[in-house]
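These are the residues of each chain, in order.
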Amino acid sequence: MTYSRIVGMGRYLPERVMTNFDLEKIVDTTDEWIRTRTGVERRHVVEEDQTTSDMCVESAKSAMDDAGVTPADVDMVITGTTSPDVVFPNVSTIIQHRLGIPACPAFSLEAACSGFIYALTVADKFIKAGEAKCVLVTGAECITKLLDWGDRNTCVLFGDGAGSAIVVPSAEPGILSCELGADGQYRELLHYPVGVSKNLAAAGTDEANIIMQGNEVFKVAVKTLGRIAQAALDKAGVTKEELDWLVPHQANIRIIQAMAKRLNMPMEKVIVTVQDHGNTSAASVPMALDVGRRDGRIKEGQLILMEAFGGGFTWGSVLMRM
Ligand code: ACO
């Protein structure tokens, strides 16, 4: 049996940092409120002329270096993002061209904060089917460009970033199970109401902002993530006691703590980065995995559960050996 395996990771955060104290100067909020309700201390924000693909190129270079592969080795590019540079060409083709990756399938997929988990799952299927040998998978988001900096309900939560993985076939696991899902009935709880075929004229107006019923999102997120974490474990015949690490979507420290509790995992076994960059949507899981690997906490052979939940709602989890 062929498995797919992550053999390199990279991440990129924009240089510009906005702390909670910076936000205190522009909206009616406090560092104390943001830290206690969300765990966020600072976020990174792209410059006006910086794009999602700019961040992806940097995180992809770092992942390729880490894996010891060159652009010529890559034969598929998948990017999870809801904040692409332009409508088309898709972000993956821009990355492909800028890195000099030879002609190959290159596409983006849109699953909000679950974008990386969805993209990684697709890569896993192509590799298992024998149709890809080296996939560049990225989760990236310029989500601050969607924010209304006057809305304290949302602007304190999010930040920009990109995280990439190189995924290759392997005789040894690797990815053990993937579990994806979505339920469109919850769209009103978390959405961005301006797009191409709907409300395009509202782009750039006050209507163009993330709309979220935070406490409702919170409840569904915790319930759903608990269920799919268990489903991913059951599918692979693994118990939660065997897990070495939880690498969760970094939306809110309280959601992360609730998940750890459901899995009976002490917080020492959870990679937490939300304090450093807020909710970076599709970028959050790969960036957290990269942090844990590079600082030596996550070691080869260890059992990792990654999970994410986002607008749609969409959700997903991947269980793998590093
Ligand atoms: N500063 C100060 N006060 C604020 C702020 C702020 N930035 N934002 C809201 N408040 C106020 C509210 O107005 C409200 O005031 P009121 O009681 O006078 O009406 C009060 O704080 C409490 O508001 P709640 O919404 O009940 O606060 P809650 O404890 O639920 O925390 C939060 C809000 C942080 C948004 C939380 O609900 C949450 O994290 N939900 C999940 C959101 C999430 O994870 N979204 C993303 C997941 S999907 C994705 O990643 C795209």
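For the structure, see preceding data.
Quick look at the structure, then. (Residues numbered from 1 in each chain as written. Predicted model: local features only at pLDDT ≥ 70, side-chain atom pairs only at ≥ 80, totals over all residues. Heavy atoms only, no water.)

**Quick word on helix 7 (residues 214–236)**
Moving on, step 1. Between the first and last C-alpha of helix 7 there are 33 Å, a value that for 23 residues agrees with the 33 Å anticipated at 1.5 Å per step.
Moving on, step 2. If you check which residues of helix 7 are buried, you get Val217, Val220, Ala221, Val222, Thr224, Leu225, Gly226, Ile228, Ala229, Ala232 and Leu233.
Moving on, step 3. Contact partners of the buried residues in helix 7: strand 8 (175–182), strand 9 (190–191), strand 10 (211–212), helix 8 (253–262), strand 12 (303–310) and strand 13 (314–321). (Helix = DSSP H or I, 4+ residues; strand = E, 2+ residues; numbered from the N terminus. Expected span 1.5 Å × (residues − 1). Buried < 20%, exposed > 50% of the residue type's maximum accessible area, 1.4 Å probe, protein only. Contact = heavy atoms within 4.5 Å.)

**Describing the packing of aromatic side chains**
Moving on, step 1. In total, this model carries 3 aromatic pairs according to the counting rule given.
Moving on, step 2. Their ring planes at 10° and their centres at 6.4 Å tell us that Phe309 and Trp315 sit as a pair that is stacked. Both residues of the pair, Phe309 and Trp315, count as buried.
Moving on, step 3. Every member of this aromatic cluster is reached through a ring pair, and the members are Tyr186, Phe309, Phe313 and Trp315. (Phe/Tyr/Trp six-rings, centres within 6.5 Å; stacked < 30°, edge-to-face > 60°.)

**Focus: a negative patch on the surface**
Moving on, step 1. A grouping of Glu15, Glu47, Glu48 and Asp49 is seen on the molecular surface, where their side chains present a negatively charged patch.
Moving on, step 2. Mapped onto the fold, Glu15 is located in the loop between strand 1 (3–12) and strand 2 (17–19). (Patch = residues over 30% accessible without salt bridge, like charges linked within 9 Å, V, L, I, M, F, W, Y side chains within 5 Å. Areas by Shrake-Rupley, 256 points an atom, 1.4 Å probe, with all protein chains shown as cover. Salt bridge = Lys/Arg side-chain N within 4 Å of Asp/Glu carboxyl O. Lys, Arg positive; Asp, Glu negative; His and termini not counted. Charge placed at Lys NZ, Arg CZ, Asp CG, Glu CD.)

**A word on the sheet that holds strand 11 (residues 245–248)**
Moving on, step 1. One open sheet accounts for 4 strands, arranged 8-13-12-11; its pairing is mixed. What marks the edges here is a single partner per strand, and that holds for strand 8 and strand 11. On average, each strand axis in the sheet is inclined to that of its neighbour by 10°, with strand direction left out of account.
Moving on, step 2. With 4 bridges connecting them, strand 11 and strand 12 associate as parallel partners. Bridging across to strand 12, Leu246 finds its partner in Leu305. (Pairing = 2+ DSSP bridges. Axes fitted to C-alpha atoms, helices over the stretch in contact; angles between N-to-C directions.)

**Here we look at the state of the cysteines**
Moving on, step 1. Inspection of the entire model under this criterion finds 0 disulfides.
Moving on, step 2. With no disulfide of its own, Cys155 has Cys113 as its nearest cysteine by sulfur position, at a separation of 16 Å.
Moving on, step 3. Judged by relative accessible area, Cys155 falls into the buried class, the value being 0%. (Disulfide = S-S within 2.5 Å.)

**What about the pattern of salt bridges?**
Side chains bearing opposite charge may pair, as long as their charged atoms lie close to each other.
Moving on, step 1. A complete count under the given rule lists 17 salt bridges for this structure.
Moving on, step 2. Of the charged contacts in the structure, one is a salt bridge between Asp31 and Arg35, with a shortest N-O distance of 2.8 Å. Of this pair, Asp31 and Arg35 both sit in helix 2 (residues 31–38), 4 residues apart, which is roughly one turn of that helix.
Moving on, step 3. For Asp31, a relative accessible area of 8% translates into the label buried.
Moving on, step 4. In this structure, Lys128 engages Asp124 in a salt bridge whose closest nitrogen and oxygen atoms are separated by 3.0 Å. With a gap of 4 residues between them, Lys128 and Asp124 both fall in helix 5 (residues 115–128), about one helical turn apart.
Moving on, step 5. Exposure remark for Lys128: the relative accessible area of 33% places this residue in the partly exposed category.
Moving on, step 6. According to the relative accessible area criterion, Asp124 is buried, its value standing at 0%.
Moving on, step 7. One network of salt bridges, in which partners are shared, links Arg11, Asp290 and Arg294.

**Description of the environment of Ser59**
Moving on, step 1. For Ser59, the position within the fold is in helix 3 (residues 52–67).
Moving on, step 2. Between the C-alpha atoms of Ser59 and Gln257, which are 198 residues apart in sequence, the distance is 28 Å.
Moving on, step 3. Setting aside anything within four residues of it in sequence, one finds Ser59 in contact with Gly10, Arg11, Tyr12, Thr138, Ala162, Gly163 and Ser164.

**A closer look at the side chain of His277**
Moving on, step 1. Checked against the element boundaries, His277 lands in helix 9 (residues 274–277).
Moving on, step 2. On the basis of relative accessible area, His277 is assigned to the buried category, the value being 4%.
Moving on, step 3. Within the local environment of His277, its side chain forms a polar contact with the side chain of Thr273, the two groups lying 3.0 Å apart.
Moving on, step 4. The contacts of His277, once residues within four sequence positions are left out, are Leu13, Arg42, Arg43, His44, Phe158, Gly159, Gln250 and Met287. (Polar contact = N/O pair within 3.5 Å; in protein donor to acceptor, adjacent residues only side chain to side chain.)

**Considering helix 3**
Moving on, step 1. Between the first and last C-alpha of helix 3 there are 22 Å, a value that for 16 residues agrees with the 22 Å anticipated at 1.5 Å per step.
Moving on, step 2. Those residues of helix 3 not exposed but buried are Thr52, Ser53, Met55, Cys56, Val57, Ser59, Ala60, Ala63 and Met64.
Moving on, step 3. Along its buried surface, helix 3 packs onto strand 1, strand 4 (76–80), helix 4 (91–99), strand 6 (135–141) and strand 7 (161–170).
Moving on, step 4. Gly68 sits one or two residues past helix 3 and shows a positive phi near 70°.

**Examining the environment of Val272**
Moving on, step 1. With respect to the helices and strands, Val272 occurs in the loop between helix 8 and helix 9.
Moving on, step 2. Each C-alpha atom, one on Val272 and one on Val291, is 9.2 Å from the other, the two residues being 19 residues apart in sequence.
Moving on, step 3. Those residues in contact with Val272, other than ones at most four positions away along the chain, are Gln250, Ile253, Ile256 and Met267.

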